[in-house]
Amino acid sequence: RYYREVLPGEIVKISRHGVQTLDVVRRPETDPSAFCIFEYVYFARPDSIFEGQMVYSVRRRCGQQLAIEAPVEADLVSTVPESATPAALGYAQKCGLPYVEVLCKNRYEGRTFIQPNMRLRQLGVAKKFGVLSDNFKGKRVVIIDDSIVRGNTISPIIKLLRESGAKEVHIRVASPPIRFPCYMGINIPTKEELIANRPEFHDLANYIGADSVVYLSVEGLVSSVQESIKASQENSLKAQKSLTGKIGHCTACLTGDYPVELEW
């Protein structure tokens with residue numbers, strides 16, 4: 001059962017006698033906490049609880065905020081299964097459009113992101129999904145994605161949907177563009193590999209074959225994440241505040257604003 005979160009820098013001992021804090025590595029008073037915001041976007045399981053809120057709920061709010069920032073004339077909303085599904089449901093709800101499945105996953109196909117080159121990743125995507133063409137033929141489709149890193153895997157998906165009868169394919173991304181590497185332990189590609197730093201990004205819709213592409217703003221993501229970290233969580237976060245200082249989030253991969261000074 002859920003007991004509580006392990007605090008940043010905390011060493012916990014769990015035994016038959018209960019939960020005991022052995023030590024807490026304290027942060028300097030002047031340094032705000034910097035919880036990785038990409039845990040909410042992609043890394044964490046949707047049923048994880050961080051800072052007193054469930055990741056699924058945050059992703060749904062990101063989709064709702066994306067609908068406010070980037071509405072589009074369309075017939076239905078869908079997603080690439082399955083990590084962006086909560087955001088797609090939030091987007092559909094806010095826009096008043098039906099959420100409809102357009103792709104089904106082939107459970108027997110391996111992971112695509114670990115393939116050694118772009119061509120193999122794209123071929124893997126084509127084999128990874130089946131098309132539910134009856135659900136979208138002749139219709140304008142909004143596809144919600146959680147992030148676009150290199151831009152290699154979304155293109156064959158769009159091509160697949162068009163060849164199967166989609167009238168329009170609009171891409172909405174429930175996080176801001178990833179522009180910077182992470183030096184805090186996350187394996188994000190070099191700046192040159194990130195699509196947001198390449199010339200193609202200036203005409204991304206044409207590059208990936210979509211009718212339009214819009215990302216969630218950094219402000220929209222932060223507000224969606226922090227919306228519930230308020231009065232309702234005040235009591236549960238009191239202890240955390242006393243140990244870690246002001247609650248904050250690391251957005252370095254999005255903004256280049258790193259929470260610590262980098263030494264080379």
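Everything numeric in this text was worked out from a predicted model, so none of it was measured.

What counts as what
- Residues numbered from 1 in each chain as written.
- Predicted model: local features only at pLDDT ≥ 70, side-chain atom pairs only at ≥ 80, totals over all residues.
- Heavy atoms only, no water.
- Helix = DSSP H or I, 4+ residues; strand = E, 2+ residues; numbered from the N terminus.
- Buried < 20%, exposed > 50% of the residue type's maximum accessible area, 1.4 Å probe, protein only.
- Contact = heavy atoms within 4.5 Å.
- Areas by Shrake-Rupley, 256 points an atom, 1.4 Å probe, with all protein chains shown as cover.
- Phe/Tyr/Trp six-rings, centres within 6.5 Å; stacked < 30°, edge-to-face > 60°.
- Pairing = 2+ DSSP bridges.
- Axes fitted to C-alpha atoms, helices over the stretch in contact; angles between N-to-C directions.
- Patch = residues over 30% accessible without salt bridge, like charges linked within 9 Å, V, L, I, M, F, W, Y side chains within 5 Å.
- Salt bridge = Lys/Arg side-chain N within 4 Å of Asp/Glu carboxyl O.
- Parallel < 35°, antiparallel > 145°, perpendicular 65-115°, else oblique.
- Left-handed = near helix turned anticlockwise from the far one by under 90°.
- Core = buried A, V, L, I, M, F, W, Y, C linked by side-chain atoms within 4.5 Å.
- Polar contact = N/O pair within 3.5 Å; in protein donor to acceptor, adjacent residues only side chain to side chain.
- pLDDT = per-residue confidence, 0-100.

> Looking at this model, I keep getting lost on the overall build of the protein chain. Mind explaining?
Per the secondary structure count, the protein chain includes nine helices and 12 strands. Looking at the protein chain as a whole, 42% of its 264 residues are labelled buried. Sequence-distant contacts, at least 24 apart, represent 68% of the contacts inside the protein chain between residues at least 6 apart. Surface summary for the protein chain: the accessible area is close to 14500 Å², and the carbon and sulfur share equals 51%.

> Looking at this model, I keep getting lost on the packing of aromatic side chains. Mind explaining?
Aromatic ring pairs: the centre-centre distance and the angle between the two ring planes describe each pair. Evaluated as defined, the whole model comprises seven aromatic pairs. Aromatic pair Phe 35 and Phe 50: ring centres 4.9 Å apart, planes at 55°, arrangement tilted. You can see Phe 35 sitting in strand S3 (residues 35-36) and its partner Phe 50 sitting in strand S4 (residues 49-50), a full 15 residues away along the chain. Take Phe 35: its relative accessible area is 26%, and that puts it in the partly exposed class. Pairing Tyr 40 with Phe 50 gives two aromatic rings, centres 5.9 Å apart and planes at 90°, and the pair type is edge-to-face. Of this pair, Tyr 40 sits in helix H1 (residues 38-43) while Phe 50 sits in strand S4, placing them 10 residues apart in sequence.

> I keep staring at the sheet that holds strand S6 (residues 76-79) and nothing clicks. Help me out?
Neighbouring strands of a sheet are bound in pairs by backbone hydrogen bonds; such pairs are parallel or else antiparallel. Here we have four strands laid out as an open sheet, ordered S6-S9-S10-S11, and parallel in their pairing. Both edges of this open sheet fall to S6 and strand S11 (212-215), since each of them pairs with a single strand only. Strand-to-strand twist in this sheet, taken as the mean axis angle between neighbours without regard to direction, amounts to 25°. In this sheet, strand S10 (residues 168-173) lies alongside strand S9 (residues 140-145) in parallel orientation, the contact comprising six bridges. By the bridge assignment, Asp 145 is partnered in S10 with Val 173.

> Looking at this structure, I do not really get the environment of Cys 250. What am I missing?
Counting through the fold element by element, Cys 250 comes out in strand S12 (residues 249-250). Along the chain, Cys 250 and Val 222 lie 28 residues apart, while their C-alpha atoms are 9.9 Å from each other. Those residues in contact with Cys 250, other than ones at most four positions away along the chain, are Ala 34, Phe 35, Cys 36, Ile 37, Met 184 and Pro 259.

> Quick question: what am I supposed to make of a nonpolar patch on the surface here?
On the surface, Tyr 3, Ile 14 and Val 19 cluster together into a nonpolar patch covering about 330 Å² of accessible area. Relative to the assigned elements, Val 19 resides in strand S2 (residues 18-24).

> Help me out: how do you make sense of the packing of helix H2 (residues 55-69) against helix H3 (residues 85-95) in this one?
Two measures define how a pair of helices packs: the angle their axes make with one another and the distance between the axes. Their axes nearest at 7 Å, the elements H2 and H3 cross at an angle of 45°. As the angle between them shows, H2 and H3 are arranged oblique. Handedness of the crossing formed by H2 with H3: right-handed. Of the residues in H3, those touching H2 at Tyr 56, Arg 59, Arg 60, Gly 63, Gln 64, Leu 66, Ala 67 and Ile 68 are Pro 86, Ala 87, Leu 89, Gly 90, Tyr 91, Gln 93, Lys 94 and Cys 95.

> Even after reading the chapter, I still don't get unusual backbone geometry, so can you show me in this structure?
For residues besides glycine, phi is generally negative; the peptide bonds are generally trans as well. Note the cis peptide between Pro 81 and Glu 82, where omega equals 5°. If you trace the backbone, Glu 82 turns up in the loop between S6 and H3.

> I would appreciate a short explanation of the pattern of salt bridges in the present structure.
Oppositely charged side chains can pair when the atoms bearing their charge come close. By the definition in use, this model includes eight salt bridges. For Asp 47, the salt bridge goes to Arg 45, with nearest N and O atoms at 2.5 Å. Arg 150 is the salt-bridge partner of Glu 193, the closest N and O atoms lying 3.5 Å from each other. In this pair, Glu 193 sits in the loop between S10 and helix H6 (204-208) while Arg 150 sits in the loop between S9 and helix H5 (154-163), placing the two residues 43 residues apart along the sequence. In this structure Glu 193 comes out as partly exposed when scored by relative accessible area, which is 35%.

> Please clarify how the nonpolar core should be interpreted in this entry.
One broad rule of soluble globular proteins: the nonpolar side chains tend to lie buried together. By size, the foremost hydrophobic cluster in this structure holds 31 residues, and its most contacted members are Leu 66, Val 77, Tyr 91, Ile 144, Ile 178, Leu 221 and Leu 254. Contributing elements (two or more residues each) for this core: H1, H2, H3, S9, helix H7 (218-226) and helix H9 (252-255). In terms of residues, this core owes the most to one element, H2, which gives five residues. Sequence-distant contacts of Leu 221, that is, excluding residues within four places in its chain, are made with Ile 37, Val 41, Cys 62, Pro 176, Leu 216 and Leu 254. Counting 27 residues, the second largest nonpolar core, distinct from the first, contains Val 102, Phe 136, Val 169 and Val 173.

> Looking at this structure, how should I read the side chain of Ser 33?
Secondary-structure assignment places Ser 33 in the loop between S2 and S3. Of the polar contacts made by the side chain of Ser 33, one reaches the backbone nitrogen of Gly 248; its length is 2.9 Å.

> I'm lost on the confidence of the model for the protein chain in this one. Help?
Keep in mind that low pLDDT regions are not for reading the predicted coordinates in detail. In this model, the protein chain carries an average pLDDT of 87, and 86% of its residues clear a pLDDT of 70 or more. With pLDDT under 50 throughout, residues 111-115 is counted as low confidence; its partners more than four residues away or in other chains account for nine contacts.

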